[in-house]
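Report on the structure
If you want the building blocks of each chain, they are given just below.
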Amino acid sequence: MLFVIDFDGTLALRDTVDSLLEKFAPAAWKDVEQDWLQERITAVECMGRQIRMVRADRETLEEFFQSIELDASFLPFYHHVCRYAAVAIVSDGLDHPIQVATHKAGLPNIPVFANRLDFVADGIDIAFPHLDAHCAAGNGVCKCAVARDLAQPLGGLMVLIGDGKSDICLARRADVVFAKKSLLAYCVANNIGHIPFDNFEDVLAVVRKWDAHPPMNLSLVA
Ligand SMILES: [Mg+2]
Ligand SMILES: [Zn+2]
């Protein structure tokens, strides 16, 4: 069994990419966001343009990454499920801030799959090692492809915990979906079985009842 954990807005309390842009990019990053929301540019193009608008030196940025707050109820959840399942953080955000924030919070080494942050002179750049041209969602990280490759040797069972647009491609394939915010709205609108949650305490309360095997019929737990 594999638990796929979204980062921004799920493990992290806020969207760290938005906070980064708010703090260190000119306000025009919001125009780029509009171009993406109105489908004039792809998600990948949007993120590339926005990330390259960040102006700050490395020290300032590292300090910001250290300040990212995580859901404190994640660790008890992790300790419970890691006895029988694999856990991966799969994010359409940036890898380095995730590494910094999880390390700072004292979390164990959990594999991270995200877009790559590169420091450049007075700013940052982004690369997309987990892009999948075949995925209709068109995100920087195709969560359905990453999760499929990870879950296959583990028996294939996938549990997604997420909150947003980048989780949609996996929500259609995962065996169990824990959803909040826009992912919750998407699941409702598209008739995808899901369990609403606010934080990892809620998730743990459900998972404890599974006794190491998630129910295949969501109506049993919802
Ligand atoms: Mg998210
Ligand atoms: Zn996908």
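Located above this text is the structure these notes cover.
Residues numbered from 1 in each chain as written. Chains lettered and ligands numbered in written order. Predicted model: local features only at pLDDT ≥ 70, side-chain atom pairs only at ≥ 80, totals over all residues. Heavy atoms only, no water.

Regarding the environment of Asp8
Considering the arrangement of structural elements, one finds Asp8 in the loop between strand S1 (2-5) and helix H1 (16-24). C-alpha of Asp8 to C-alpha of Val100: the two residues are 92 residues apart in sequence and 14 Å apart in space. Sequence-distant contacts of Asp8, that is, excluding residues within four places in its chain, are made with Arg14, Asp15, Thr16, Val17, Ser91, Gly93 and Asp163. (Helix = DSSP H or I, 4+ residues; strand = E, 2+ residues; numbered from the N terminus. Contact = heavy atoms within 4.5 Å.)

Here we look at the pattern of salt bridges
On inspection of all chains with the given rule, the structure shows 11 salt bridges. Between Lys143 and Asp6 there is a salt bridge, and its shortest N-O distance comes to 2.9 Å. Taken together, the residues span a long stretch of sequence, with Lys143 in helix H7 (residues 143-151) and Asp6 in the loop between S1 and H1 at a distance of 137 residues. Look at Lys143 and you get buried, because its relative accessible area is 0%. Taking the shortest distance from any N to any O, the salt bridge between Asp167 and Lys143 comes out at 2.7 Å. Separated by 24 residues along the polypeptide, Asp167 in the loop between strand S5 (158-162) and helix H8 (168-171) and Lys143 in helix H7 bring together distant segments of the chain. Through salt bridges with shared partners, a single network forms among Asp6, Lys143 and Asp167. (Salt bridge = Lys/Arg side-chain N within 4 Å of Asp/Glu carboxyl O. Buried < 20%, exposed > 50% of the residue type's maximum accessible area, 1.4 Å probe, protein only.)

Let's talk about the side chain of Thr16
Within the element layout of this structure, Thr16 appears in helix H1. A polar atom in the side chain of Thr16 sits 2.4 Å from the side chain of Asp8. (Polar contact = N/O pair within 3.5 Å; in protein donor to acceptor, adjacent residues only side chain to side chain.)

Topic: the coordination of the magnesium ion (ligand 1)
Within the protein, Asp6 (OD), Asp8 (O) and Asp163 (OD) serve as the donor atoms for the magnesium ion (ligand 1), at 2.1 to 2.2 Å. Positions of the donor residues of the magnesium ion (ligand 1), expressed as sequence spacing, correspond to D-x1-D-x154-D. Here Asp163 lies in the loop between S5 and H8 and Asp6 lies in the loop between S1 and H1, a separation of 157 residues in the sequence. A relative accessible area of 11% means that Asp163 is categorised as buried. (Donors = N, O, S within 2.8 Å, 3.2 Å for Na, K, Ca; no water.)

Considering the packing of H1 against helix H4 (residues 58-66)
It is at 11 Å that the axes of H1 and H4 come closest, and there the two elements cross at 140°. Comparing their axes, H4 and H1 come out oblique. Between H1 and H4 the crossing geometry is right-handed. Two secondary-structure elements touch here, H1 through Thr16, Ser19, Leu20, Lys23 and Phe24 and H4 through Thr60, Leu61, Phe64 and Phe65. Considering only residue class, the contact of H1 with H4 consists of 5 nonpolar, 3 polar and 1 charged. (Axes fitted to C-alpha atoms, helices over the stretch in contact; angles between N-to-C directions. Parallel < 35°, antiparallel > 145°, perpendicular 65-115°, else oblique. Left-handed = near helix turned anticlockwise from the far one by under 90°. Nonpolar A, V, L, I, M, F, W, Y, C, P; charged D, E, K, R; others polar.)

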